[in-house]
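Report on the structure
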Amino acid sequence: MLAKHKFLRLFRYHHSQKNPNIKPLRHLICNPFCTATESQELPSWIKSSDTKNPDEDFVIPSLASWVESYKLHEPRLAINISSEKTDTDIDRLSKILKNRYPSPDEVVQALDGSCLSATTGLIEQILRRFSNDLVPALGVFTWAKTQTGYRHTPEIYNSMVDILGKGKRFDLMWDLVREMDDLNDGYVTLATMGKIMRRLARGGKYDDAVEAFRGLDKFGVTRDAMAMNLLMDALAKEKSVEHAYEVFCEFKDCTPLNTGTFNILIYGWCKARKLEDAERTMDEMKKHGFVPDVVSYTSFIEHYCHEKDFRKIDEIFQEMQEKGCKPNAVTYTIAMHALGKAKQINEALEVYAKMKSDGCLPDAKFYSSLIFILSKAGRTKDANEIFEDMKKHGVMPDVLTYTTMISFACEHSREEDALKLLQKMEEDSCKPNLKTYAPLLKMCCKKRRMKVLNFLLIHMFRNDVSIDAGTYALLVRGLCMSGKLELACSFFKEMVSKGMVPMNATYKMLVEELNKKSMGEAKEQIEKLMSQVKPQESV
DNA sequence: CTAGGGTTAG
């Protein structure tokens, strides 16, 4: 502790010389997601006197109070403050779940001893907040069922089904669907089965997804065009357009088809770079009496974009004009984006000009893309101008727009801008998602902003954004590169404790760094953990 | 749920 104060004093002094306005932040020390025992070993930066790699212990003055405000309601950090009475149910519930009970049953037990009461709003939020964290999610879900006067809505059941599918617990997922079916109250709908088919497809279980579709009537769901499109879309998007096509062949005579059915296939073939098959499907579409529409053509444009065959793109625009099919904002976005990415910024801007002269109105996604390519081309000023301009044209920035702006601010290490944008989102009630936070987290790791990193983690939590495997990987890698190995290890452990399987590259990097720093004990811990990972975590 | 999210770095 002594070292910490000494270090901080020196550090503050150092910074006050440079900028007297900078206020140090004395809080937000521990990773808010780890257990109490882990947190004690965490803040290595306090103990270490590594002045070559210090944490930057400040935030931008204009943002300090905002950052500060996040500490107040954070249960982990408010232990000695009498904030208990200001805690809402969601805080109290989260606090219990942070104990990281090993099984849902133990979560249920813990909750039975609490005086919390289940409401639909509370359960909805907690499932969102823990959507990548099976054990607490299932625990709360199970507990809530036992509460008198409470009944899960079909939507909540569907969320739970989705969470189980995301966690690859297909056995439990099916159990739950059967349970829903037993309620005999129309709980199982196409929405439920859609999630199931999507999750199975995402897990590479294509045949199971198709089987789920075949068995739809067992759950009282009709195998109509919508259901079939849903399945085909899931298969095509999850990299098996072949399965989608098989489904099409098998069911085309007993299910009514629509334009969407063909567009899903065309899109799938194009994405899989199988142009002939896409063209064949287009012919088949016409034979069935459907006219290719803007979606069909746009899929082809996207394919040629991928191939960087820009001459072909012009040809398709031409063909669309001949057929009287007007391109829309999506079409222009795709073409412009591809040109911009291929460093043909002027040609990209020509697409923008063409769009305007064609009388097509840009939307938020289009503007996001425009901002992206301008930033990529180093034209930050123009990008900012567009960002301001879109509002004047009555188009409000959406998550993607903000995410784009934040990404580039982070890339250029404009920390203040990046955080201000996040703050602006909050003011605009625009909810950030994982992709919004990713560049911010990365930047914090790189610049060793441990306080800001912590603030962001709390910010995410409060916004019900659940950390997924990709984000853990980002954190572990980023912290490794910055020499924050204890913290990297703690995130690694946390990831594994949530039943996620770390990528080999992440694991290797961590072990290698631990080796370099001769942290043998920690290395052994990680290796042991990894060896236990493969057999799927039992819940 | 028919198309627009732009890398995991070195």
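Just so it is clear, the model here is predicted, and its values are computed rather than measured. (Residues numbered from 1 in each chain as written. Chains lettered and ligands numbered in written order. Predicted model: local features only at pLDDT ≥ 70, side-chain atom pairs only at ≥ 80, totals over all residues. Heavy atoms only, no water.)

1. Details of the confidence of the model for chain A
Threshold: Each residue carries a pLDDT score, the predictor's confidence in it, ranging from 0 to 100. Throughout, a contact is declared for two residues whenever any of their heavy atoms are within 4.5 Å.
When pLDDT is averaged along chain A, the result is 87; 85% of the residues meet or exceed 70. Contacts of residues 1-51 to residues separated by more than four positions or lying in other chains number 93 contacts, the stretch itself having pLDDT below 50. pLDDT under 50 marks residues 75-82. Its contacts with residues more than four places away, or in other chains, come to 16 contacts.

2. Some words on the pattern of salt bridges
Applicable threshold: Salt bridge, as used here: a side-chain nitrogen of Lys or Arg that lies within 4 Å of a carboxyl oxygen of Asp or Glu. Each helix corresponds to a stretch of at least 4 residues labelled H or I by DSSP, and each strand to a stretch of at least 2 residues labelled E; elements are numbered beginning at the N terminus. Each residue's exposure class comes from its accessible area (1.4 Å probe, protein chains only) as a fraction of the maximum for that residue type: buried when under 20%, exposed when over 50%, partly exposed otherwise.
If you walk through the whole model with that rule in mind, you get 35 salt bridges. Taking the shortest distance from any N to any O, the salt bridge between Arg129 and Asp464 comes out at 2.9 Å. Highlighted residues: Arg129 in helix α7 (residues 120-129) and Asp464 in the loop between α26 (450-462) and α27 (469-481), separated in sequence by 335 residues. The same class applies to Arg129 and to Asp464, which are both buried. Of the charged contacts in the structure, one is a salt bridge between Glu307 and Arg273, with a shortest N-O distance of 2.9 Å. You can see Glu307 sitting in the loop between α17 (294-306) and α18 (310-322) and its partner Arg273 sitting in the loop between α15 (259-271) and α16 (275-287), a full 34 residues away along the chain. The exposure class assigned to Glu307 is partly exposed, which follows from its relative accessible area of 38%. The network of salt bridges with shared partners includes Arg100, Asp133 and Lys498.

3. A word on helix α11 (residues 190-202)
Counted only if it meets this: By definition here, a helix of n residues has an expected span of 1.5 Å times n minus one.
Along its 13 residues, α11 runs 18 Å from first to last C-alpha, staying within 8% of the 18 Å computed at 1.5 Å per residue. Of all the residues in α11, the buried ones are Thr192, Met193, Gly194, Ile196, Met197, Arg199, Leu200 and Ala201. The first or second residue beyond α11 is Gly204, which carries a positive phi of 80 degrees.

4. Details of the UniProt feature "repeat: PPR" (unreviewed entry) in chain A
Rules: UniProt positions are given in the numbering used here, feature names are shortened, and annotations may be inferred rather than shown by experiment.
Following the UniProt record, one finds the feature "repeat: PPR" (unreviewed entry) at residues 258-292, 293-327, 328-362, 363-397, 398-432 and 468-502. For residues 293-327, helix accounts for 74% and strand for 0%, while the C-alpha atoms at its two ends are 9 Å apart. The span residues 468-502 carries 74% helix and 0% strand; its end-to-end C-alpha distance comes to 11 Å.

5. What about the packing of helix α24 (residues 415-427) against α26?
This is how it is decided: All axes here are fitted lines through C-alpha atoms, helices being fitted over the stretch that makes contact, and every angle between N-to-C directions spans 0 to 180 degrees. The scheme is simple: roughly parallel for angles under 35 degrees, roughly antiparallel for over 145, roughly perpendicular for 65 to 115, oblique for anything else. Here a crossing is called left-handed whenever its near helix is offset anticlockwise from the far helix by less than a right angle, and right-handed whenever the offset is clockwise.
Close contact between α24 and α26 brings their axes to 13 Å; oriented N to C, the two are set at 20 degrees. Judged by the inter-axis angle, α24 sits roughly parallel to α26. Remark: the crossing between α24 and α26 carries left-handed chirality. Seen from α24, the contacting residues are Leu419, Leu422 and Glu426; seen from α26, they are Val452, Phe455, Leu456 and His459.

6. What to know about the protein's contact with DNA strand B
Operational definition: Think of it this way: one heavy atom of a residue within 4 Å of a molecule or strand is enough to make that residue near it. In the analysis that follows, any N or O atom pair within 3.5 Å is treated as a polar contact, provided that within protein one partner can donate a hydrogen and the other can accept it, and provided that, for residues neighboring in sequence, both atoms belong to side chains.
Surveying the vicinity of DNA strand B reveals 29 residues, the closest of which are Lys237, Asn328, His337, Thr404 and Lys442. Looking at DNA strand B alone, sugar and phosphate atoms form 37% of those within 4 Å of the protein. The backbone of Ala329 places a nitrogen or oxygen atom 3.4 Å from a base nitrogen of DNA strand B. Of all the elements in the fold, those that place two or more residues in the surface near DNA strand B are α13 (225-237), α15, α17, α19 (329-341), α21 (364-376), α23 (399-411) and α25 (434-447). No other element matches α19, which puts 5 residues into the surface near DNA strand B.

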